[in-house]
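A look at the structure
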Amino acid sequence: MEKIVLKDGTEINITGATSNSVTIPYNAETFMETYKLFTTENLEEYIIETETDAVMAIVKDKKVKSVMIEEDTVIIMLADVNLTEKKLTEMEQSMELIQESIDFLIMQ
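Along each chain, residues carry numbers from 1 onward, in the same order as the chain's sequence is written. Totals for whole chains, interfaces and linings use every residue, but because this is a predicted model, local features are given only for residues with pLDDT of at least 70 and side-chain atom pairs only at 80 or more, for both listing and counting. Each side-chain value is worked out from all heavy atoms of the structure, with water and hydrogens disregarded.

Moving on, we come to the side chain of Lys-62. Elements are defined by DSSP. Helices are runs of H or I of four residues or more, strands are runs of E of two residues or more, and each kind is numbered from the N terminus. Along the polypeptide, Lys-62 turns up in strand β7 (residues 62-70). Any N or O atom pair separated by 3.5 Å or less is treated as a polar contact, with the protein-specific requirement of one donor-capable and one acceptor-capable atom, and with residues adjacent in sequence counted only for side-chain atom pairs. In terms of polar contacts, Lys-62 uses its side chain to reach the side chain of Asp-80, at 2.4 Å. By the convention used here, residues are in contact when the closest approach between their heavy atoms is within 4.5 Å. Setting aside chain neighbours within four positions, we find Lys-62 in contact with Ser-19, Asn-20, Thr-40, Leu-43, Tyr-46, Leu-78, Ala-79, Asp-80 and Val-81.

In C-alpha cells, the structure reads:
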C-alpha cells in the first residue's frame, strides 16, 4: 500500500494521492486520530511513497480544505498555503516575542 510520510515522520497508509488530495481507507475507530495528524505544520512538506518506499513526490505548503467520507474511503482535499500570509503571521509572532522581551527588560 502506498503511504505518505508527514513532516513529523508519521507514516499514513493511503490508497491514492495527488498534489491536492489524499485518499485513505476509512476506519471509524481511528479516523479522528488520523485526521488530527493533517495539521498545516505536518503538511508544510510531506512525501508520497510507493509500496516499496520509493519516493513518488515531495509536496510542500498545503492545508486541509475539506474532507469527504464515502463508505470505506476518506478523501482529504488540500489547498495551497498562502505563503505571504504565512510569512506575515511568522513576522507578527516574532514582533510579539520582541515586544515581550523589551517589556521584560524594562520591568527589571
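Each Phe, Tyr or Trp ring, with Trp reduced to its six-membered ring, pairs with another whose centre is within 6.5 Å; inter-plane angles below 30 degrees give stacked pairs, above 60 give edge-to-face pairs, and intermediate values give tilted ones. Summed over the entire model, instances satisfying the criterion amount to two aromatic pairs. Arranged with centres 5.8 Å apart and planes meeting at 25 degrees, the rings of Phe-31 and Tyr-35 form a pair that is stacked. Linking Phe-31 with Tyr-35, this pair stays in helix α1 (residues 31-35), spanning four residues, or about one helical turn. Three exposure classes are used, based on accessible area relative to the maximum for each residue type with a 1.4 Å probe and protein chains only: buried under 20%, partly exposed in between, and exposed over 50%. Judged by its relative accessible area of 12%, Phe-31 falls in the buried class. Here a set of aromatic residues connected by ring pairs shows up, and it is made of Tyr-26, Phe-31 and Tyr-35.

Strand pairing in a sheet relies on backbone hydrogen bonds, with the paired strands running either antiparallel or parallel. Here, strands pair whenever DSSP counts at least two bridges between them. Taken together, the four strands give an open sheet; going across it, the order is β3-β4-β8-β7, and neighbouring strands pair in antiparallel fashion. Where the open sheet ends on each side, the last strands, each with one partner, are β3 (16-18) and β7. The average undirected angle you get between the axes of adjacent strands in this sheet is 20 degrees. Summarising the sheet, β3 and strand β4 (residues 21-25) pair through three bridges and their orientation is antiparallel. In the sheet register, Thr-18 faces β4, and the bridge partner there is Ser-21. Axis definition: a line fitted to C-alpha atoms, over the contacting stretch in the case of helices. Angles run 0 to 180 degrees between N-to-C directions.

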